[in-house]
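Here is how the chains run, residue by residue.
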Amino acid sequence: MELLMMVRKEIERACGALGVTALVELEHAQDLQHGDLTTNIALVAAKDAGKSPRELAQHIIQNLAPIEGIERADIAGPGFINFRFSQEYIHTQVTHILSDPTTWGRISEQTGETIMVEFTDPNPFKAFHIGHLMSNTIGEAIARTLENAGAKVIRANYQGDVGVHIACALWGIQQLGIDPHTADEFGRAYARGATAYKENQEAKKEIDLINKKLYERSDPVLNEVYDTGRTHSLEAFERIYGILGTKFDHYFFESEVAAVGKAIIEAHPGIFIESDGARIFKGEEYGLHTRVFLNNKGLPTYEAKELGLEKTKMDLYPDTTRMLVVTAHEIVEYFKVLKKAMELVYPDIAEKLMHVPHGMMRLASGKMSSRTGNVVTGEVLIAALTDAARERAKDSRADDPERLAQEVAVAAIKYQILKQGMQKDIIFNEEQALSLEGDSGPYLQYTHARTRALLRKANEQHVTPDAHHVVSGNEIVRRALQFPYVAKRSATELAPHYIAQFATLLAGQFNTWYSQEQILDTDDTRHKIAVVSVVAETLKNALYMLGIKGPETM
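Basis of the calculations
- Residues numbered from 1 in each chain as written.
- Predicted model: local features only at pLDDT ≥ 70, side-chain atom pairs only at ≥ 80, totals over all residues.
- Heavy atoms only, no water.
- Pairing = 2+ DSSP bridges.
- Helix = DSSP H or I, 4+ residues; strand = E, 2+ residues; numbered from the N terminus.
- Axes fitted to C-alpha atoms, helices over the stretch in contact; angles between N-to-C directions.
- Contact = heavy atoms within 4.5 Å.
- Expected span 1.5 Å × (residues − 1).
- Polar contact = N/O pair within 3.5 Å; in protein donor to acceptor, adjacent residues only side chain to side chain.
- pLDDT = per-residue confidence, 0-100.

A. Just the sheet that holds strand S7 (residues 250-253), in detail. Reading across from one edge, S7-S6-S5-S11-S12 is the order of the 5 strands in this open sheet, with parallel pairing throughout. Two strands bound the open sheet, and with one partner strand each, they are S7 and strand S12 (353-358). Taken over all neighbouring pairs, the strand axes of this sheet differ in orientation by 25° on average, direction set aside. Sheet topology places strand S5 (residues 114-118) next to strand S6 (residues 152-159); 5 bridges connect them, and they run parallel. The partner of Ile-115 across the bridge, within S6, is Val-153. Along the sheet face, helix H10 (residues 254-267) touches S6 and S7 and points at about 60° away from the line of S7.

B. Layout of helix H9 (residues 220-244). Its 25 residues give H9 an end-to-end C-alpha distance of 36 Å, which sits within 8% of 36 Å, the value for a rise of 1.5 Å per residue. Looking at where H9 begins, the residue whose side-chain oxygen comes 3.1 Å from the main-chain nitrogen of Val-221 is Asp-219. Looking one or two residues past H9, Gly-245 carries a phi angle of roughly 85°, positive in sign.

C. Fine view of the sheet that holds strand S9 (residues 278-281). Strand order across the open sheet formed by 3 strands is S8-S9-S10, with antiparallel pairing between neighbours. Every interior strand has two partners, whereas the edge strands, strand S8 (273-275) and strand S10 (291-294), have only one. Each strand of the sheet is rotated relative to its neighbour by a mean of 50°, with strand direction disregarded. For S9 and S10, the ladder comprises 3 bridges, and the chain directions are antiparallel. Directly across from Phe-281, in S10, lies its bridge partner Arg-291.

D. Examining the confidence of the model for the protein chain more closely. Residues at a pLDDT of 70 or more form 97% of the protein chain, whose mean pLDDT is 93. Confidence over residues 368-373 falls short of pLDDT 50; this stretch has 22 contacts with residues more than four positions distant or in other chains.

Listed below in structure tokens is the structure:
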């Protein structure tokens, strides 16, 4: 990272000497044949400089002072300036990776920040569906990239344990005779209640009454069913979090923040005005839309609870510098209204609040709906992929094939979610997700396991890596050296797909090289093992940032 900044500063100095003041964009090259770093400054500034891009590029290169770590600068295409790392710089970086692999890829850009990342947010008494898998996967990856950048991260989970959706589920439990000690059928109960609430006026009245009793805690029998079901529902969620590798620092619940939100609304009558017995926020005055914050029964809506949530977050964690909320993009417009209301009530909190939207995970048959019961739960998808992976893992050399099968299943899911920009929708493809042929989580795991197998064999032969004079595999090492830059971009843009795409590119290059070269028992085995070590440590750390296990054996 330091070299990149040094090169940028030297380009800026050289441009300044030529009277060029355009912003210097410098990034790692995708095509390493032309160099390691590239800038388009000559193309951007050519018109103002009164020169052709290639002519200006030549003048910039002529004005550059020698840069330690850079071997040379060349012009490519219409006027790109490319910089190639010196071999000494490459050797120094390889030595660092081999001597301190656990810190490889770490950056410090966000040191000093305390960032709360809220994600997953399943509701008790409802199914933990594959949409929650998507939120969990993205939220955990963002949390890890921010931690890698030096931030202190607080993982938060907000769960709706009160409201009409809970009343629908309890009504459904009563109708279906479901045992509240098991969470397996809560999704079915909710679907029954939600459908009845929308289509049957008598059922709607019964569900509204249940909702009122739950808020009041006035019905002992109902309270017992609710408390028992809530406990078992949350325990089921914990089992899934354990499989996915997420440990939350704080759980927030609607039941805890509802009163806080109601108090905020009542304390600001000029912002939340009375309308037909309810309290509303007139978003139209700000180019948005109107939403109800207290209903005509005086109960806080989801919007009011959200205000209470953000206030509660800051009260509990006053040192928080940013609060990220990772949810599906369906609530983008809703969140704009919420944030505008927050700006008027608590501008200091609103300034720290950011919605991080993501797309939806869809089935081949179309969009899921908790209300209709057209849901594939997270547990069902994980179990199905684990079964498929178990069949493939039965002949593996892993000490624990069952654990490996589950790790492969989770990797398959997470990679499918993280391999593209997160605002895009996903149609999940099981065969592609489990493929070992590339562009999949198991492919990255398999490549990592392959590097570890080579390193074990080298260790058995007492072969130690030599970081100097790497020739075969040199381009792979140069690709791996992009890792800190990719990690920085992922953390800055909250975009873990950069890590996924980088890891896939690196794995592809390594596997091509592996198929063409003899690694052990050659004159330059020590140098090749250095390359293998670099790939192994880079993939291990990249997989960790994606929330994917890197098995030692497959």
